[in-house]
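One letter stands for each residue in the lines below.
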2 protein chains.
Amino acid sequence: MMATLNDVAAVAGVSPTTVSRVINNYGSLSEKTKTKVFAAMRELNYAPNNLARSLSGKKTQLVGLIFPSVSNPFFGELVATLENTLFAAGYKTILCNSANNADKERAYLRMLAANQVDGIITSTHNLGITEYQKIALPIVAFDRNLAPTIPIVSSDNYQGGRIAAEALVSQGCRHIVMLVSSAETPEPTNDRQRAYADVLQQHHLTPQVTPLGFTTDVSVKRLTIRTLLQDDPTIDGVFCSDDLTALLVLEEAEQLGRKVPADLKIIGYDGTPFMQAYHPELATIQQPFNALGQLLIATLTACIDGRPPKVLAPLPVQLRPGRTLTLDWA
Amino acid sequence: MMATLNDVAAVAGVSPTTVSRVINNYGSLSEKTKTKVFAAMRELNYAPNNLARSLSGKKTQLVGLIFPSVSNPFFGELVATLENTLFAAGYKTILCNSANNADKERAYLRMLAANQVDGIITSTHNLGITEYQKIALPIVAFDRNLAPTIPIVSSDNYQGGRIAAEALVSQGCRHIVMLVSSAETPEPTNDRQRAYADVLQQHHLTPQVTPLGFTTDVSVKRLTIRTLLQDDPTIDGVFCSDDLTALLVLEEAEQLGRKVPADLKIIGYDGTPFMQAYHPELATIQQPFNALGQLLIATLTACIDGRPPKVLAPLPVQLRPGRTLTLDWA
DNA sequence: ATGAAAGCGCTAACAG
DNA sequence: CTGTTAGCGCTTTCAT
């Protein structure tokens, strides 16, 4: 039913080779034949079959994106950027929501390999390093240590942590707590909390880190936050490792009657365009989304083309002021 | 470098057919050979090539998702649900962010066809109906009229509009405006505004619909909302056709010193889990996400299997109360 | 400037 | 229970 290259050849009265040549704009063709072939293609409403094309040696131009879930606006934003950039570069995106689940992630990896993707960009890591080592595919990680050989793209987490902590200190906070997802694994994002601890120590303040858990239910997070705030009225600053948590803190604080920023100052992390648009009041550390997306893909294509990247410098972040930190920020 | 089925056959000392049989668990095999083949597969770290498999007649198990952008939490949520459900059903997801751009959408359609996807789920429609008619692929639309032949899955927009409008009226609002994306095209979602108009008329109130534009910049939307509110202090109720807009109204209203819900009552639309978690104060009409996802995919697989669906009834929606509508909603 | 032929990795009759 | 033989639709030497 669907017209094939051979059909086109037949209609145009040329060989399949010739049709292939005009499709790929390859070798030398007379204008005459070109015209004939194009006409035939149009007539048959011909569409090339990428499967066949790839089977016979061409790249699939398929890239797998493994992220926790696009239901999280942060990843949604990032994935959207990546997909756009990939599309512009002629790649198609296979979406994989790992849900931070090891089995699913393993299954995705297998599936992507089976589908002959040209490369993978990932930001989950529930699998052992060895499992990643044995993947014979170009992989680039976002803010994750997957394996020593896998390039990492990230923004400057230490710097971001510093800026956030300094901002709270310089606004007069003396009891600053930091809320993180999970404190354990040695991930790049933990540099944020390392910087926070360093800054507080420099100012002779005591760091206090509370982990909320990455997959924890929001209602539970809320409760933890509320309890934390209630039990310790001396807390006057909160640094959250992501903006959504900061939102929770803001809401709970206001419900408890704490004035923000008078009694309590809050700063988040990520600074997505979404947050900027719908929660401009939130002070945050802004990651350079577009730059990250570009670099992620530049790195991946470099890997695909067999040009493994040199070490990648983390991209600069930036403080975005907001009402949760200072009253005069316009 | 990558082991093929033939390699496995050679190592196992059987024919390719036999290997194919054990892979597909097809026909009858002796335990002995099965074991041999599995051993060989393991030894060679064999992974089947889906391209080849599909080329020789099998389905690709690939589904294309065309949505405006997963950077919008609403679509992010929906796409996440769809991807999860698809994965569970053995399908892989190709993500397409159309950005409501006709050229891109056309390119995506062509690309998906070239990649032999089994089907498409879409929620954009910048293309003419005829362009969709000529797609020889199973398509299901979410809340969109693409072509008479293309099944539409949606929740009950008219009912949702009714519930929202009734809620505002019964809370005593007398001057209720409705904010929509765009009022023109005859889409299913316009039933919301039809219902709104009907309800207001029944109560001898005057409907007033303000379009904000789907792709309009948020800052512009903000300005429009602020101006609207400022210019007409008699407005005491706002019905927004999506939750994000409702958020904007809430923020602008409070900045203008309008007390919500005392002076102004607000109700949104969509009710994503994200909104529920991070903005529980917002009253809204909740769409049944999971059910929509399930139905979308059930419908698509039905189309793929050549069982075109009967007419689909819209799924029921539900009022989710919140502080923006009534003070006592816990 | 154009064609013939072999083959990418797998599946699917059709034998035996 | 297992193997032989043709392709699927396209690309790519190698000829002409």
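Conventions and cut-offs
- Residues numbered from 1 in each chain as written.
- Chains lettered and ligands numbered in written order.
- Predicted model: local features only at pLDDT ≥ 70, side-chain atom pairs only at ≥ 80, totals over all residues.
- Heavy atoms only, no water.
- Pairing = 2+ DSSP bridges.
- Helix = DSSP H or I, 4+ residues; strand = E, 2+ residues; numbered from the N terminus.
- Axes fitted to C-alpha atoms, helices over the stretch in contact; angles between N-to-C directions.
- Parallel < 35°, antiparallel > 145°, perpendicular 65-115°, else oblique.
- Left-handed = near helix turned anticlockwise from the far one by under 90°.
- Contact = heavy atoms within 4.5 Å.
- Buried area = accessible area lost by both parts, 1.4 Å probe.
- Salt bridge = Lys/Arg side-chain N within 4 Å of Asp/Glu carboxyl O.
- UniProt positions renumbered as here; feature names shortened; annotations may be inferred.
- Near = heavy atom within 4 Å.
- Expected span 1.5 Å × (residues − 1).
- Buried < 20%, exposed > 50% of the residue type's maximum accessible area, 1.4 Å probe, protein only.
- Arc of directions from axis to C-beta.
- Least-squares fit on C-alpha atoms with pLDDT ≥ 70 in both.
- Right-handed = clockwise from strand over helix to strand, strands pointing away.

Peer 1: Looking at this structure, how should I read the sheet that holds strand β2 (residues 92-97) of chain A?
Peer 2: By definition, the strands of a sheet pair up through backbone hydrogen bonds, in either a parallel or an antiparallel sense. Strands sit in the order β5(A)-β4(A)-β3(A)-β1(A)-β2(A)-β2(B)-β1(B)-β3(B)-β4(B)-β5(B) across an open sheet of 10 strands; the sheet is mixed. Strands with a single pairing partner mark the edges of an open sheet, and in this sheet they are β5 (152-153) of chain A together with β5 (152-153) of chain B. Judged from the two bridges that link them, strand β4 (residues 139-142) of chain B and β5(B) form a sheet pairing that is parallel. If you follow Ala141(B) over to β5(B), its bridge partner there is Ile152(B).

Peer 1: Help me understand the packing of helix α8 (residues 157-170) of chain B against helix α9 (residues 190-202) of chain B in this model?
Peer 2: Each pair of packed helices can be described by the angle between their axes along with the distance between the axes. Residues and elements named next belong to chain B. The geometry of α8 relative to α9 is characterised by a closest axis approach of 7 Å and an angle of 40° between their N-to-C directions. Considering their axes alone, α8 and α9 lie oblique with respect to each other. Here the hand of the crossing between α8 and α9 comes out right-handed. Here α8 contributes Asn-157, Tyr-158, Gly-161, Arg-162, Ala-165, Glu-166 and Val-169 to the contact with α9, which in turn contributes Asp-191, Arg-192, Arg-194, Ala-195, Tyr-196, Asp-198, Val-199, Leu-200 and Gln-202.

Peer 1: Could you clarify how one ought to interpret the interface of chain B and chain A in this entry?
Peer 2: When the parts of a complex come together, some accessible area is lost, and that lost area is often used as the size of the interface. With 45 residues of chain B at the interface, the matching set in chain A holds 45 residues. In total, about 4200 Å² of surface goes out of reach between chain B and chain A, with carbon and sulfur atoms giving 66% of it. The three residues of chain B that bury the most area against chain A are Leu51(B), Phe87(B) and Tyr278(B), which together make up 17% of that side's buried surface. Taken together, chain B and chain A are joined by zero salt bridges.

Peer 1: Can you help me understand the UniProt feature "domain: HTH lacI-type" (unreviewed entry) in chain A in this one?
Peer 2: UniProt marks residues 3-57 of chain A with the feature "domain: HTH lacI-type" (unreviewed entry), using the numbering shown here. The span residues 3-57 of chain A is 67% helical and 0% strand by assignment, and the distance between its end C-alpha atoms comes to 22 Å.

Peer 1: What should I look at first to understand the protein's contact with DNA strand D in this one?
Peer 2: The local shell around DNA strand D holds 24 residues, among which Leu5(A), Tyr46(A), Thr17(B), Thr18(B) and Arg21(B) are the closest. Sugar plus phosphate: this is where 64% of the atoms of DNA strand D within 4 Å of the protein reside. Among the secondary structure elements, those contributing two or more residues to the surface near DNA strand D are α2 (16-24) and α4 (50-55) of chain A together with α2 (16-24) of chain B. Of all the elements, α2(A) adds the most residues to the surface near DNA strand D, at four residues.

Peer 1: Any chance you could explain helix α3 (residues 31-44) of chain A here in plain terms?
Peer 2: Because each turn of an α-helix spans 3.6 residues, side chains separated by three or four positions in sequence point in the same direction. Residue and element names in this part refer to chain A. Counted at 1.5 Å a residue, the expected span for α3 with its 14 residues is 20 Å, and the 20 Å between its end C-alpha atoms agrees. Every buried residue of α3 is accounted for by Thr-33, Val-37, Ala-40 and Met-41. Across the axial projection of α3, the buried residues extend over an arc of 100°, all falling on one side. In α3, the exposed positions angled more than 90 degrees off the buried face are occupied by Glu-31, Lys-32, Thr-35, Arg-42 and Glu-43. Those residues of α3 that are buried are in contact with α1 (5-12) and α2. Phi turns positive one or two residues past the end of α3, at Asn-45, with a value near 55°.

Peer 1: Is there a simple way to think about the relation of the copies chain B and chain A in this case?
Peer 2: Overlaying chain B with chain A gives an RMSD of 0.1 Å, the required rotation being 180° about an axis along which the chain moves by 0.0 Å. Taken together, the rotation and translation relating the two chain copies correspond to the operation of a two-fold axis. Looking at the rotation axis and the C-alpha trace of chain B, the residue lying nearest is Ile94(B), at 2.3 Å. Both copies present the same face, since 98% of the interface residues in chain B are matched by interface residues at the equivalent positions in chain A.

Peer 1: Explanation requested: the pattern of salt bridges in the structure shown.
Peer 2: Pairing is possible between side chains of opposite charge, provided their charged atoms come close. If you walk through the whole model with that rule in mind, you get 22 salt bridges over all chains. Arg323(B) is the salt-bridge partner of Glu254(B), the closest N and O atoms lying 3.1 Å from each other. In this pair, Glu254(B) sits in helix α11 (residues 243-255) while Arg323(B) sits in the segment after β11 (318-320), placing the two residues 69 residues apart along the sequence. Residue classification places Glu254(B) among the partly exposed residues on the basis of a relative accessible area of 43%. Each member of the salt-bridge network shares a partner with another, and the members are Arg222(A), Arg226(A), Glu251(A) and Glu252(A).

Peer 1: Explanation requested: unusual backbone geometry in the structure shown.
Peer 2: All names here are of chain A. Cis geometry marks the peptide bond from Val-260 to Pro-261; its omega dihedral reads 10°. Its location among the elements puts Pro-261 in the loop between α11 (243-255) and β9 (265-270). For Asn-45, which is not glycine, the phi dihedral falls at a positive 55°. With respect to the helices and strands, the residue Asn-45 is situated in the loop between α3 and α4.

Peer 1: Please explain the pairing of β9(A) as it appears in this structure.
Peer 2: Residue and element names in this part refer to chain A. Among the six residues of β9, six are classified as buried, and the element is accordingly described as predominantly covered. Burial along β9 is two-sided: the face carrying Lys-265, Ile-267 and Tyr-269 and the face carrying Ile-266, Gly-268 and Asp-270 are both buried. Of the pairings in the sheet, the one linking strand β8 (residues 237-240) to β9 comprises three bridges and is parallel in character. Opposite Phe-239, over in β9, you have Ile-267 as the bridge partner. Viewed along the sheet, the connection from β8 through α11 into β9 turns out right-handed. With three bridges joining them, β9 and strand β10 (residues 284-286) adopt parallel strand pairing. The residue bridging Tyr-269 from the neighbouring strand is Ile-285, located in β10.

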